[in-house]
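# Structural overview for review
Below are the chains, spelled out letter by letter.
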Amino acid sequence: MAGLLGDLADLVLPAPCAGCEAERVPLRYGVCAGCAAGLEALRPFRRPSGSLSSGLPPCVAVGAYEGALRGVLLAYKEKGRHRLAQPLGSLLATAVARLAPRGTPVTLVPVPSTAAAARERHGDHMLRLAAHTVRRLRAAGWQADVSPQLEALPRPDSTSLSVAGRRAAAEDSLRIRRARIGVRRRATPPEGTLVVVDDIVTTGATLAAVTRRLEEAKMQVDGAAVLAATQLRRSSTSGFAGFPPGGTEKVNAGHPVSRTRGDAGASAR
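Residues numbered from 1 in each chain as written. Predicted model: local features only at pLDDT ≥ 70, side-chain atom pairs only at ≥ 80, totals over all residues. Heavy atoms only, no water.

If you look the chain up in an unreviewed UniProt entry, it shows as Phosphoribosyltransferase family protein from Paractinoplanes pyxinae. Under the UniProt heading Sequence similarities (unreviewed entry), the note attached to the chain is "Belongs to the ComF/GntX family." (UniProt positions renumbered as here; feature names shortened; annotations may be inferred.)

Another point: the overall build of the chain. What the chain contains, in helices and strands, is 9 helices and 10 strands. Of all 269 residues assigned to the chain, the portion counted as buried reaches 46%. (Helix = DSSP H or I, 4+ residues; strand = E, 2+ residues; numbered from the N terminus. Buried < 20%, exposed > 50% of the residue type's maximum accessible area, 1.4 Å probe, protein only.)

Attention now goes to the packing of helix 4 (residues 85–97) against helix 6 (residues 125–139). Helix packing geometry: the angle between the two helix axes and the distance between the axes. It is at 7 Å that the axes of helix 4 and helix 6 come closest, and there the two elements cross at 65 degrees. Here helix 4 is positioned roughly perpendicular relative to helix 6, judged by the angle of their axes. Between helix 4 and helix 6 lies a crossing of right-handed hand. Contacts from A85, Q86, L88, G89, S90, L92, A93 and V96 of helix 4 reach helix 6 at M126, R128, L129, H132, T133, R136 and L137. (Axes fitted to C-alpha atoms, helices over the stretch in contact; angles between N-to-C directions. Parallel < 35°, antiparallel > 145°, perpendicular 65-115°, else oblique. Left-handed = near helix turned anticlockwise from the far one by under 90°. Contact = heavy atoms within 4.5 Å.)

Of all 9 residues in strand 7 (residues 193–201), 8 are buried, a share of seventy percent or more. As defined by bridge partners, strand 3 (residues 106–110) adjoins strand 7 across 5 bridges and the pair is classed as parallel. Each residue of the ladder has a partner; that of L108, found in strand 7, is V195. With 6 bridges connecting them, strand 7 and strand 8 (residues 223–229) associate as parallel partners. From the neighbouring strand, V196 faces strand 8, where its bridge partner is A224. Chirality of the crossover, the property in question, places the unit of strand 7, helix 8 (residues 205–216) and strand 8 among those that are right-handed. (Pairing = 2+ DSSP bridges. Right-handed = clockwise from strand over helix to strand, strands pointing away.)

Looking now at the sheet that holds strand 2 (residues 59–64). Across the sheet, which stays open at both edges, the 6 strands sit in the order 1-2-8-7-3-4 with mixed pairing between neighbours. Only two strands of the sheet have a single partner each, and these edge strands are strand 1 (45–46) and strand 4 (144–146). Packing against the sheet, helix 4 makes contact with strand 2, strand 3, strand 7 and strand 8, and its axis sits at approximately 135 degrees to strand 8. Here helix 8 sits on the sheet and contacts strand 2, strand 3, strand 7 and strand 8; the angle it forms with strand 7, its principal contact strand, is near 155 degrees.

Okay, the nonpolar core next. Residues L88, V106, L108, L137, V197, A225 and L227 are the most contacted members of the largest nonpolar core, which totals 42 residues. Among the elements that line this core, the one with the most residues is helix 4, at 8 residues. The next biggest cluster of nonpolar side chains, apart from the first, holds 22 residues, and it includes A170, L174, L194 and V201. (Core = buried A, V, L, I, M, F, W, Y, C linked by side-chain atoms within 4.5 Å.)

Following the criterion strictly, the structure yields 0 disulfides and no others. Residue C32 stays outside any disulfide, its sulfur separated by 3.6 Å from that of C17, the closest cysteine. Summary of cysteine pairing: C35 is not part of a disulfide, and the nearest cysteine sulfur, belonging to C17, is at 3.7 Å. (Disulfide = S-S within 2.5 Å.)

This part takes up the pairing of strand 2. For strand 2, a buried count of 6 out of 6 residues is recorded, marking the element as mostly surrounded by other parts of the structure. Here strand 1 runs beside strand 2; their pairing, made up of 2 bridges, is antiparallel. Residue R46 lies in a different strand from strand 2, and its bridge partner there is V60. Here strand 2 pairs with strand 8 via 5 bridges, running parallel. Note on strand 8: the bridge partner recorded for G63 is A228.

Structure representation (structure tokens):
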């Protein structure tokens, strides 16, 4: 009932555009036409390995953490606009598609939220997002599934920690989910391509910690896909370290997961 009332409220009292916060503009899936066009134009790029923590597999991001993508992601994650999960899932699917060959099974392992964060956000935002990503991949011809292998424990504020300290805190806060009573956990790892998915990557410490935990459990991680990558520091040759010149780099020439304009108005998430 709460979800239904929220949807009705969106129809009667439409919220500002999630991307640019413009008011009194036609919206679809929570974004205006301008932000939808900007999101539609995003092309996934590979984050250079030198800008990430060691031990992380190839990492593909949909776009830089700025502009409409930043606004939509914050609206979904921090402002309770859960309907944005559908278009954000379509965007994330384009990054996963760069890592998973069509025709082979792909398993998504979302970076888990702590119990406290999940309560505050009325659910695990990445688990919800991964479910929509799987639906979009299946519609495009992939054999895809979600496997929430990990759970997150509370960890200290990382602002005062060193890089090594953040890495250790991230790894210590993760553990493989325990099997439920009466249910035997599968002994064999998922077949096909295993991709870790998250919303944002900065240093890559969390994604690297997730990768190590999964590999300790005999699961081979083939890559990481995220919605947004933050800009770390300026570089004399390429603008910001961690981004190629011009801000993005196409990983492949083709676009395996096609998106219509309605999709990315959809895919605006």
